[in-house]
Every structure is written in structure tokens, then in C-alpha cells.
Amino acid sequence: MWLGSCASSATAAAALHKPVAHLRPLLRVSASCSSNSSPAPPTVAARGPSPSPGVAATAMPSPNSAPTTPTTPAEETTAAAAATSGFRLTEPSFLESLMPKKETGVDRFLAAHPEYDGRGALIAIFDSGVDPAAAGLQTTSDGKPKILDVIDCTGSGDVDTSKVVKADADGAIVGASGTRLIVNSSWKNPSQEWRVGYKLVYELFTDTLISRLKKERKKKWDEENQEAISGALNQLNEFEKKHSKPDDAKLKKAKEDLQDRLDCLRKQADGYDDRGPVIDVVVWHDGDVWRVAVDTQGLEGNKDCGKLADFVPLTNYRIERKFGIFSKLDACSFVANVYDDGNLVSIVTDCSPHATHVAGIAAAFHPEEPLLNGVAPGAQLISCRIGDTRLGSMETGTGLVRALIAAVEHKCDLINMSYGEPTILPDYGRFIDLVNEVVDKHRIIFISSAGNNGPALNTVGAPGGTSSSIIGIGAYVSPSMAAGAHCVVQAPSEGMEYTWSSRGPTADGDLGVSISAPGGAVAPVPTWTLQSRMLMNGTSMSSPSACGGVALLVSAMKAEAIPLSPYTVRKAIENTAASISDVPEEKLTTGHGLLQVDRAFEYARQAKKLSLVSYKISINQVGKSTPNLRGIYLRGSNACQQTSEWTVQLNPKFHEDASNLEQLVPFEECLQLHSTDSSVVNIPEYILLTNNGRSFNIVVNPDNISSGLHYYEVYGMDCRAPWRGPIFRVPVTVIKPIALSGEPPVLSLSKLYFKSGHIERRFINVPVGASWAEVTMRTSALDTPRRFFLDTVQMCPLKRPIKWEAVVTFSSPSIKNFSFSVEGGLTMELSIAQFWSSGNASHEPTCVDFEIVFHGISVNQKVIALDGSESPMCIVARSLLASERLVPVANLNKIRIPYRPVESNFCPLPTSRDRLPSGKQIIALTLTYKFKLEDSAEVKPHLPLLNNRIYDNKFESQFYRISDSNKSVYSSGDVYPSYVKLPKGEYTLQLYIRHENVQFLEKLKHLVLFIERKLEKEDSIPLSFYSEPDGPIVGNATFKSSILVPGEPEAFYVGPPSTEKLPKSSPPGSVLVGSITYGVVSSFNKNEQNQHAPASYSILCVVPPSKVDDNKEKEVSVGTKKSVSERLNDEVRDTKIKFLSSLKQENEDHKSAWTELVASLKSEYPKYTPLFAKILDCVLQESTSDDKISHHKEVIVAADEVVDSIDKEELAKLLSLKPDPEDEESQKTKKKMEETRDQLADALYQKGLALAEIESLKPDESTEASAKDVFEENYKELIKWVDAKTTKYGTLTVLRERRCGRCGTALKVLNNMIQEDSEQPKKKLYDLKIQLIEEIGWAHVSAYEKQWMHVRFPPSLPPF
């Protein structure tokens, strides 16, 4: 996703797959603007926009107010500097620069047509969710509601409200969280049925808001905990004063209990981790509409605030346009929408400030501050949240498709989408198919950001920069914006594209960027940020700026009854855009130029009577049938060495409702074709175009052009209406790389001079055999810090662009070194750019010397796949460029285990939000996988078919979640799975795939999924290398390193991992995964020996079948010492016992049969302990719903029978003996005795639990002393045989301490048990913990633990 930067003039915007909240804070935009002399950031930084404080509404002076204070010397200095640069701000022009509109002619247009300010235009904002409470987003300029609907399209705010309850006599209901809730008696509910659900509120908030809330909530919790610690300490001090030297055992234990309480409180503070409170959601039908109320008492910790009965009920936002605020603490607004007849409620919040900022740029209306209005203050909005809170703010396919459905349902005129990703295939995928339908059939104008991955070429992303139906927007910065919004010391003399704005062309030759618009603004942000506005920049901001401009155009066209079509609007804005540069190649950066709304309107007026038609271009190279291209793109030395011929198929495209007789049949245009350079691109002069289309050929002859980038266009002009401008264009991009020489090949660039925003591009034919490059960059002649963007891009068919990038800051003249992998034989663009605002206060250009050296070691197999046998694999290595040091290093550090689904379910989705505009209902396929971890590990799912593709994917969802046996969700993900740390245990992974075609889904019902597990560092497997094929077996001829002479091959073997090194839980057929490198960096870092080259390759190893277990054969041979008759009797006995455990006691007849069998077996085997242990197990598994006391008495009887069957003295004697380790019989006897001891301990443990339960079920009866003695005697017997404080038996120790009134000691033992248990949480232990805490009286700890119970033990899995 593209995210706008809340950034300063010295900070780049970039495309990141993570929420804004994770990024670095940058320059503050405030009344006090700092210069570029701030401390230098890290030398090499990742590119990333980041949030920073903005300009609060109260800090903005009115444009009508006059200054009342004298000018300060600092202001005079700033004014002098501005005058020197030729650019001077006034207060009004400063405010105008915060929301730029002059650059796109909006000011001229609105001055001429004030009533065409967006009125009548409806914009769908596909983004992270718009805050309806934000400044400027309440009403339009003509008094209408600004936001007509607010929708969460992702499902991340969904709450299951299918559970129905009724109120008791006091008007109270029990919420889904278990909380007793008072219903407001004035609420109308004819059915008296209340639907309930709950949500962990942090699941609705952004990371930034959660961080703030955690700090504030922890502060309050710490105060309460410190008060409890003080109380516990006072109790301990008073006890010590009263009993200075306690000799009595009971007094010692009492003192120990007080100390344990104190220790528990302190440890509780150390382990504090706030997972947030639970909100209860209640839904009912009032006879007219569904109503929603929310109980938020847990948020502020004040029982008088947030009560359900005090909540003003909401209904679907589109009906009443009302929203709620969770609490004053969070200041976060939310909307509720009800689906599926009340069974599902969507709680809608925003997942970042991004969408609100975008909406504000497009359409904010500030009647008291008109200079800060958005571009189209009269336009209305719907908010379609496509960013999923579960994924930070990443978009999902489900969100994208639902957003399109909503836009069509609301009959929107425009869509703005400031999100995007790199893509494998341009203009391809499920979302793109649906977008084409929305644009072509429903006539919605779709505008989207081009991306923030510049300045290199081929960096436009999907969908904005790669899709024919979408208008992709680049980001422009004007001198006014630089001086005002960005507060630079000295503004540039002319406008330019932001350095980071993505560039074309696309992989299939299309231009990529349609037009440009201002890419920065100070605009509204959500209320939870605790400010009104902030600065952000990015193509995320240029897109709504353009969208707002087009909304003005739509408003005017509707008012003047001009037929509205995405086709004519696009032609109007492209053909009237103001050129930003006269250099043809800059079209790949700026598109057709800077949007000019006033000119576009005049064009639309003039084109009022023209056909509503678009022109689809499909290009093939002569002699090739595939692929179908949208432009001509020659990239590489071979393509530029010969003339090529291309066939262009030009087809007019009408809207789906066009009339055959009135529009299609009469359509005919005589077009004159033009080439921007006929010496390179040759074309015919004219074509006659009819509805069925026309083809023509283009001949490209690049023989005589110089090396570097060249851009040409072929375009058609209407002979009868040349004023229309180009009605279609064929982009022709030619990149002629330079060839390098030398051993190794090197490119040296000396004395390159840079000023702010300057970009140097070099295109290099990367030598065949190169696999990495080493770069040295030297700067000189700089008087202030300078920031540079370094990019390299290579294009490979059916792959995302191969991109390396770095941001480097030079605080003073110095040298920086880098190394990165390259693909030999492919053209590489090297882009060096001084950041647009870096060094702008200096009059000295930066002098740069740059050297790039190519190295490489070629191998005969790029991916090494070891087949699981003992045989090594032969690798043949060559160096084709220069002598290289061959130092192979391979390591296996992950394992992938394949799984098939254990269950697959198809379900037509019931709600209208999943019904396509065509009327087809989307079907969901849910695949369930089961996997088990023997130890805690970091894992992630891996779906080779679907992962890493969101826009270029024919399926609209690949959402997954991992949950444990308690239904606690540990991880959720989608296109980009991430690792999660899981404890030991069994897990369920559910995969959710959507499409309307059930036949496609049927093919995926057995989809293979891999669980990829990271190996611990000590478990990773380094592989060995050999110079002989028998090396792995005989253990000699190890291969370490060698010097490769150019052209001379050298062979060696990589050996498989030994069986002993295979990780635990690696079933046969699983795959060990790692990497292998061959070379070392040589051009720099001379002091670092064997720094591995950055070029690494995959190495895989199939886990072989397991070895035959010899011990089993030995056990069989030992067992054969018994006679046949004895062995038969044993088998019969064991079979009877096994049959006993399989009997179900579901009714009286079954129970009677079970009892008879038990009596029979007891008489047949009266002293056989395993039989009595099995009987005890069966009794424990019996249902206890009827008479719990009788059940526990049965347990006691069964446990006593186990104990009585054992000769404890003989057992103790045998256990005390040390058996001979070489005597198999004595070892077997010892093992049998240990099993008997465990059966004895289990019986004593279960008896103790049953005795404690009986006591708890008779709290009002006076317990006899003999009963207490039984419990105590039983416990003392248990501790003779085992450590009763371990995880297995510790519960009984906890209950014993609790019976003795020592809750502190009991809690300490219980905490240790929980901490030492490496498996998934056990609910009974946490229930017991809360009981102990409440008995002690720590209300704040109890509330904290109860919140965690909803995390650890939810009643059900959440909706997808």
C-alpha cells in the first residue's frame, strides 16, 4: 500500500507494506518552521513516510486578521531569504500553500464558477477509513451532509451478534462478555430480544492510539498496584513487629504467605501487558431499523462512564449519519452498521489518519477558514475502508471488492484510492476486472496514486500506475508548497515532481503516470490524534488533489447537462494538462502534465456533443502473438541493435449501454497519425477508424540514437476536430544501455554536479555472469548536509521489478560503500538523485564521484535441491568477468512442512455487501488445516499459489488465521504472511478464499499449504563442501575455497545434512530451506575478511524417510521370553481394558453395562494396577452435570482402588535400587515401576482434587476434622512420591495452601506452574488464579486478568 508521508522537506515518501504508525517521526509542521540545518539522520535509512505533529486548527490565523505584533528580526531574515529566492509568502499565501489549489487552476475555476465547487459530485474514498468527526467533514458548502456512508469493507470490525438473550425482571441482560448490563427502559424493542456480542477494543484501534492508551492506562494501573504493594508491605511489617522471631511452623508459613503476596504484586507489575478492555455490543430491532448500543465501561475504568444504558443508540450510518465516541480517553469516533438480520455488527473505525487526510484534501469544507478548504468543498463522500486493522492498515482483496460494490450501490461519480503495491503483471487480476466493469458499465471515474517508489523508472505500482481504466497520479511540489507547507528555507525557483514519486513506464510499455497534482497538504486528521490537521505528502495526497479537481469538473458538467463519462473526463484532463518539463522523457515522470481544472472544463464544454468513447490499444511485435502490450518498450542492447516492427490494434470502446444503431454503427473517425520523431519511429499518415477497430504498423529504428533514455509518442488527431488534441497515444520508450569493459567491468562517473531535485540516470548492460555489484560514492564541495536516493532497477518477465534502493546522507565530504545483487544479462537503471529539498539553502552544487564494479560467480544450478539421499550434488562454478575468490557457504535455517486441508466448506455469503453489481453472490471457501508443534517456534504459512499477489491475482482473498485449542487467535494475515511465535501445542489454520465462480474454488479445496518454521540458531544446519563425490561418507576431501580464473570452471560438491542434524519434528517429505553464497566482496571493507557477497541463492533439502527403529525389534525379542499362553492372556487382558475405555456412558443402560464389565474385570484381575488406573480415567471422563458430589465420591473410590492395588513398600524398595544399565530386564522392570509410581501419584492427585471439590460444594456445612485429615493425609502421601509443586501436580498444592488461608503462597505456586508450562494456556488454572486474586482483594489485578481471559479463552472464533 502507498502511504502518504507526514513528512518534512527533508524526508522521502515510500511504498511500505506496513501501517504508518510503525514509521519514523519527522519534522514538525508548526508555526515555528525549522531550517535544513537540523541534525543529520542515520547514514543509510529505509525510505518511509512517517507521522508527525501538524498544524492545529487553533494555531491558524484567519486570513482576514491583521498582524498585531511587530516583525521580529527572525521574520525579517526569513523575508529577506524569500526575497532573494524570488519567492515571498504572505499570511494568506502561506495558508493557501497548506492546501494547494492554485497550481491546478482550481482558484481560477472557482472564481469563475463558484457554484461548481463539487456540488452534485459523490466521491468514494477507498482508504483506511474516514473519521466522520474530523474537522471540515461534517457538511458541504451548500449545507448537505458531507459523508453519506462509512463502511468497513475488510470485516476486521465485525462482531458476531447471533446470540439472543432476554432481559430479567430488573431490565438487565448478560452480555457476550459475561458482564451484567442494564438496558435503557426507553429503548423500543417490540420483540424483547437482544442480540449480544463483544469485541476487544484494541482490535479496532491503530497502533499509535493503542500506544497512547496503554501509557495512560498503565499509569493508572501502576498507581493502584503501588497502593496494593504498600498495603502488602504494611501487613508484612506489622507481622514482623508482632512476631519478631517466629519459631512455630504455622507462623513461618504465614510470614512466607505475606512475602509471597508482595512478590506476586511486584511480578505482576513486571509482566504487565495491557491487551485492552472488552466492549459489549447489543443489537435489537426497534420496529423500524436495527439499533446498536455499546458498553464501554472498561475503557476509562470508571463505572459511572460508558454504561450501556447511557449510550445513544446508533443505526446504520447511511440512515441517520450518526457516530459514537468510545470514551474521552481515546477520543476515537466509530460507526455501527448491522448486517444479516442483526446477526453481524460492523464497528467501523479508521486504521490510520491516512484516509481522513485524503478526504480532507478532496472535499473538506471549513466555512471559517476557506483557504483551508479541500479542492471540492461542495462534494459529498462515502468512506470505504479497505485497510484491515488486523494487518496494521494493509488492504485486502475482500476490502477492495466490497468497496467497489459499495461505490456502485451508492451511484458514486468518482473513486479515489491512495493505496497500491508493486505487481508482476500490469492491468491484470480480479480487482482490475471488476474495476473495468465499474468504469465501463457504471461510468465511475477511478483515480489512484501512482506510488512512492521513485525516482527510478518502472516503479509505478498497481492499480493506479498499471491499469488502463484507472487514472494514475504523480506528485508535484510547487515553490509555494515548498516554502509554506514544507517550511524550507529557500524554495526552488520552479515546481518539480517529488523525488520519491513513482515513474513509468509499466512493464508492458504504458506511460504509467497519467497526470500530476500537488502531492502534499496540511489536511484534517482523526480526532484520536488529538489535533485537527497535519502535513502529509505522497502520491496518496496528489491523488485526492486530482480527484477533487475532477469533482469540480463533474459538478460543472452535471450543472450544464454535459454527458458525463470517465472516457471524456480523462481525455479532457490529459489533453489540457500543463507541461511541467519540455524534455520528452519527463513524461514518464509527470505524465501528461499538471492538472488544470479550468482548461479541462472548457474542453469538456467543447466536446459536449462528441461520442462517449475510449480508445483501447493492443500491441504485438510482428511475428509474436503474445504478450499483448499497451506501449512499445525497448529495454536492452539487443533490442536496440535492430529495427523492429509492431502491430497496433486500435479499438474504440463505448459504454456497455451504448446503442448499436445510434452510436456504434455511425461511429467513424478519420485520424491523422503523428510521430514525435520520424527518424526513429515511422508510421502511416492516416487511418479510418470505425466501431470494429483498425490496425496499423509502427516501425522503430533505434540504430542511430545515443545511449540512455529516449521517449517518443505516436498519436492520432481527429482531422475534423484537431482542437481535441491526441485522441489516442502509443508510448514508445527506448533504453539503450552502455556496455562496460575491464576485468572486472566498471563504470566510473566523475564530477557529477547535483542541485536539489536533480536526477542522474545511467543505463547499464549488466554483463552476463555478473551476480553482484559493489558501489563507491564520494562527495565533495558541500557546505550543508545532503541527502541522496540511490536506486537500481532491472526488469525480468513475469516478475516484480528487481529493485535495490538506499537513502544516504552526507553530513560532510566523505565516501560511502554499498553492495547489492544483480541479474547478469539484464539492463540495469542506476538512478542517483539529490532529494528535492536537500541543500536548497546552499548556492553550491554537490560534486559526486561514483563508481560501480560488477562481480560474479556463475553456477550451473541457481536453485540447489538435495533429494534427501546421501548423495552430494555437484556444482560447477565459473567467473566470466574477472578472478574471483570462491568461498561457498550454505546454511539451512527453516523447514517447510506440507499440509492438506482436513476440512473444506463452501458458503454463499449472505449479506448485500458481498453481492456483485452483476447480481452474482460471492462464495467463500474456508479450508481448515491442523498442525502440531512439539516445542515453541516461530512459524508462518506459505501458499506458493497465492502469496505476494494482491492486485495481480484472480482470487480476491487469501486471508488466514491461526488459533489454538482455546480458540485464541495468535496470528492473522493475507497476501504477505508473517512469522508468529507459538508455544507448544496443537493449532488450527483457517484459510478464507473468495470468488463468485464455484468451479474455480472447487479446484482449490485440496490446496497444499506449507507451515514454515524457523530453526533455532543452534539447530540451523551448516552444509559442508567436498572435492570428491564420496566426501560426505568417508569424511575427507573437504572443499573450503579457491580462486576462479575467468572462463575456467571449477567443480565441487555440496553434501546433504547428516541424519543426526535433522531437526526434531521434521516429517519425511518436508523441505529444509536455506541459502547459499559463493563469493566475497572485494572492492571495499578490506579489513573484513570473507564478507559474503550479497548474491545468495535458494538451497532446499527434502527430509528423507525415517530410520527403522531397532529398539522395537529388541522389545519384541525380549517379550518372546514369555510362553505363548502367557502372552495370549496378556493380550486378552489388555484388549478387555482397551474395550472398557471405549465404552460410552451416555445413558443408564450403557452405564449399567459399563459397571458390570468393571465388576467382572476387577474380580478377574484384582491387583492389576493398570486396570484400576483405566477405571479412574473413565470415571474422570464421565459427565458431571447431574450430581457433582456423587461424581467426586466415585472418583475418590476409584482412586483408593488404584492406591490399594499397589504394594507401596515394594514399590519404594524397587525404585530405590539402581538397575544395571546393560541389563535389559532390570531396565524394563525399572520402567514398569516408574509407570506404577505415576499411576499411584495420579490417583492421589485426583483424590485430593475430588476432596477439595466436595468441600467447595458444601461451603455452608461444617467440615469435620476427619475430612480435613483425609485431605492432608492424602497430600502428604502424594509428596512422598512426587514433587507436588510441578505443573502436573501443582494444582493440589495451590488448593492446599488456599484451604490453609495462605492465598499468597497458593498464588505464587500457581504463577510458577503457569510460567513453567510451555504448552497453550489452561483455562482452569487461570480461573483459579482469578479466584485467588479476588479472595486476596486485588480488584485491579482481577480486572486485568479478566480482560486477558477474553484473549486467551474466547467463546468462539471471530468472523472473517
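Data block above holds the structure.
Residues numbered from 1 in each chain as written. Predicted model: local features only at pLDDT ≥ 70, side-chain atom pairs only at ≥ 80, totals over all residues. Heavy atoms only, no water.

Draft legend 1. Representation of the overall build of the protein chain. The secondary structure content of the protein chain amounts to 30 helices and 59 strands. Relative to its length of 1360 residues, the protein chain is compact, with a C-alpha radius of gyration of 37 Å against a globular reference of 34 Å. Burial analysis of the protein chain (1360 residues in total) assigns 55% to the buried set. Long-range pairs, those at least 24 residues apart, make up 76% of the contacts in the protein chain with a sequence separation of at least 6. Surface accessibility of the protein chain: about 57,800 Å² in total, with carbon and sulfur atoms responsible for 50%. One way to put it: in the protein chain the 150 positive side-chain charges average out to a point 1 Å from where the 168 negative ones average out. (Helix = DSSP H or I, 4+ residues; strand = E, 2+ residues; numbered from the N terminus. Rg over C-alpha atoms; globule rule 2.2 N^0.38 Å. Buried < 20%, exposed > 50% of the residue type's maximum accessible area, 1.4 Å probe, protein only. Contact = heavy atoms within 4.5 Å. Areas by Shrake-Rupley, 256 points an atom, 1.4 Å probe, with all protein chains shown as cover. Lys, Arg positive; Asp, Glu negative; His and termini not counted. Charge placed at Lys NZ, Arg CZ, Asp CG, Glu CD.)

Draft legend 2. Just the packing of helix α4 (residues 207-242) against helix α30 (residues 1339-1352), in detail. At a closest axis distance of 9 Å, the pairing of α4 and α30 adopts a crossing angle of 135 degrees. Viewed along their axes, α4 and α30 adopt a mutual orientation that is oblique. Every residue of α30 that contacts α4 at Arg217, Trp221, Glu224, Asn225 and Ala228 is listed here: His1340, Val1341, Tyr1344 and Gln1347. (Axes fitted to C-alpha atoms, helices over the stretch in contact; angles between N-to-C directions. Parallel < 35°, antiparallel > 145°, perpendicular 65-115°, else oblique.)

Draft legend 3. Up close: the environment of Gly1047. With respect to the secondary-structure elements, Gly1047 resides in the loop between β56 (1042-1044) and β57 (1050-1054). For Gly1047, a relative accessible area of 40% puts it in the partly exposed group. Considered as a pair, Gly1047 and Val975 are 72 residues apart in the sequence and their alpha carbons are 42 Å apart. Ignoring anything within four residues of it in the chain, the contact list for Gly1047 reads Arg878, Ser879 and Leu880.

Draft legend 4. Main features of the environment of Pro526. Mapping Pro526 onto the fold places it in the loop between β22 (520-524) and β23 (533-537). Using a relative accessible area of 0% as the deciding quantity, one classes Pro526 as buried. The sequence separation of Pro526 and Glu1060 amounts to 534 residues, and the corresponding C-alpha distance is 57 Å. Setting aside chain neighbours within four positions, we find Pro526 in contact with Asp131, Asp350, Pro353, Thr356 and Gln531.

Draft legend 5. Just the sheet that holds strand β8 (residues 194-200), in detail. Reading across from one edge, β5-β8-β9-β10 is the order of the four strands in this open sheet, with antiparallel pairing throughout. With partners counted over all chains shown, the strands left at the sheet margins are β5 (163-165) and β10 (290-295), one partner each. The mean angle between the axes of side-by-side strands here comes to 35 degrees, regardless of whether they run parallel or antiparallel. One ladder, built from three bridges, connects β5 with β8; its direction is antiparallel. Residue Lys163 lies in a different strand from β8, and its bridge partner there is Val196. (Pairing = 2+ DSSP bridges.)

Draft legend 6. Expanded view of the packing of aromatic side chains. If you walk through the whole model with that rule in mind, you get 35 aromatic pairs. Between Tyr202 and Phe205 the ring centres are 6.4 Å apart and the planes differ by 40 degrees, which places this aromatic pair in the tilted class. Across this residue pair, the class does not change: Tyr202 and Phe205 are buried. Each member of the aromatic cluster is reached from another via a ring pair, and the members are Tyr202, Phe205, Phe311, Phe326 and Phe334. Over the aromatic face of Phe810 sits the side chain of Lys816, whose NZ or CZ is 5.7 Å from the ring centroid. Lying across the ring of Tyr979, Lys1014 places its NZ or CZ 4.4 Å from the centre. (Phe/Tyr/Trp six-rings, centres within 6.5 Å; stacked < 30°, edge-to-face > 60°. Lys NZ or Arg CZ within 6 Å of the ring centre and 35° of its normal.)

Draft legend 7. Region of the structure containing the pairing of strand β48 (residues 937-942). With five of its six residues buried, β48 lies for the most part within the structure. Examined bridge by bridge, β48 and strand β51 (residues 980-982) share three bridges and lie antiparallel to one another. When the sheet's bridge partners are listed, Glu938 is paired in β51 with Lys981.

Draft legend 8. Just a negative patch on the surface, in detail. There is a patch of like negative charges on the surface, built from Asp1220, Glu1222, Asp1223, Glu1224 and Glu1225. For Asp1223, a relative accessible area of 34% puts it in the partly exposed group. (Patch = residues over 30% accessible without salt bridge, like charges linked within 9 Å, V, L, I, M, F, W, Y side chains within 5 Å. Salt bridge = Lys/Arg side-chain N within 4 Å of Asp/Glu carboxyl O.)

Draft legend 9. Representation of the sheet that holds strand β4 (residues 158-160). Pairing is antiparallel across the open sheet formed by four strands, whose spatial order is β4-β13-β12-β11. Each end of this open sheet is capped by a strand with a single partner; those strands are β4 and β11 (324-325). Note that β11 and strand β12 (residues 333-339) share two bridges and pair antiparallel. What sits directly across from Ile325, in β12, is Ser333.

Draft legend 10. A look at helix α5 (residues 249-270). The first and last C-alpha atoms of α5 sit 31 Å apart over 22 residues, in line with the 32 Å expected at 1.5 Å per residue. Along α5, the positions that sit buried rather than exposed are Asp257, Leu258, Asp260, Arg261, Leu262, Cys264, Leu265 and Gln268. Two or three places before Lys250, at the opening of α5, Asp248 has a side-chain oxygen 3.0 Å from that residue's backbone nitrogen. (Expected span 1.5 Å × (residues − 1). Polar contact = N/O pair within 3.5 Å; in protein donor to acceptor, adjacent residues only side chain to side chain.)

Draft legend 11. A look at helix α21 (residues 1148-1164). Taking 1.5 Å per residue as the helical rise, α21 with its 17 residues ought to reach 24 Å, and the 24 Å between its terminal C-alpha atoms agrees with that figure. Along α21, the residues that are buried comprise Trp1154, Val1158 and Leu1161. Relative to the axis of α21, the buried residues are bounded by an arc of 70 degrees and lie together on one face. Of the residues in α21, the exposed ones pointing more than 90 degrees away from the buried face are Glu1148, Asp1149, Glu1156 and Ser1163. Buried residues belonging to α21 abut α20 (1124-1142) and α22 (1169-1181). (Arc of directions from axis to C-beta.)

Draft legend 12. Examining unusual backbone geometry more closely. Residue Gly454 is joined to Pro455 through a cis peptide bond whose omega torsion reads 15 degrees. Mapped onto the secondary structure, Pro455 falls in the loop between β18 (445-449) and β19 (471-477). The phi dihedral of Ala561 falls on the positive side, at around 55 degrees, and the residue is not glycine. Within the secondary structure layout, Ala561 lies in the loop between α12 (539-559) and α13 (566-575). Assessed through its relative accessible area of 57%, Ala561 is described here as exposed.

Draft legend 13. Summary view of the pattern of salt bridges. Scanning all chains against the criterion turns up 68 salt bridges. A salt bridge links Arg385 to Asp152; the shortest N-O distance between them is 3.4 Å. In this pair, Arg385 is assigned in strand β14 (residues 380-385) and Asp152 in strand β3 (residues 147-152), connecting sequence segments 233 residues apart. With respect to burial, Arg385 and Asp152 carry one shared label: buried.

Draft legend 14. Geometry of the nonpolar core. The biggest cluster of nonpolar side chains holds 76 residues, and the ones touching the most others in it are Ile1175, Val1294, Leu1310 and Trp1338. When neighbours within four sequence positions are excluded, Val1294 is seen to be in contact with Ala1306, Val1309, Leu1310, Met1313, Leu1328 and Leu1332. In this structure, Ala134, Leu137, Tyr317 and Leu564 belong to the second largest nonpolar core, which totals 61 residues. (Core = buried A, V, L, I, M, F, W, Y, C linked by side-chain atoms within 4.5 Å.)

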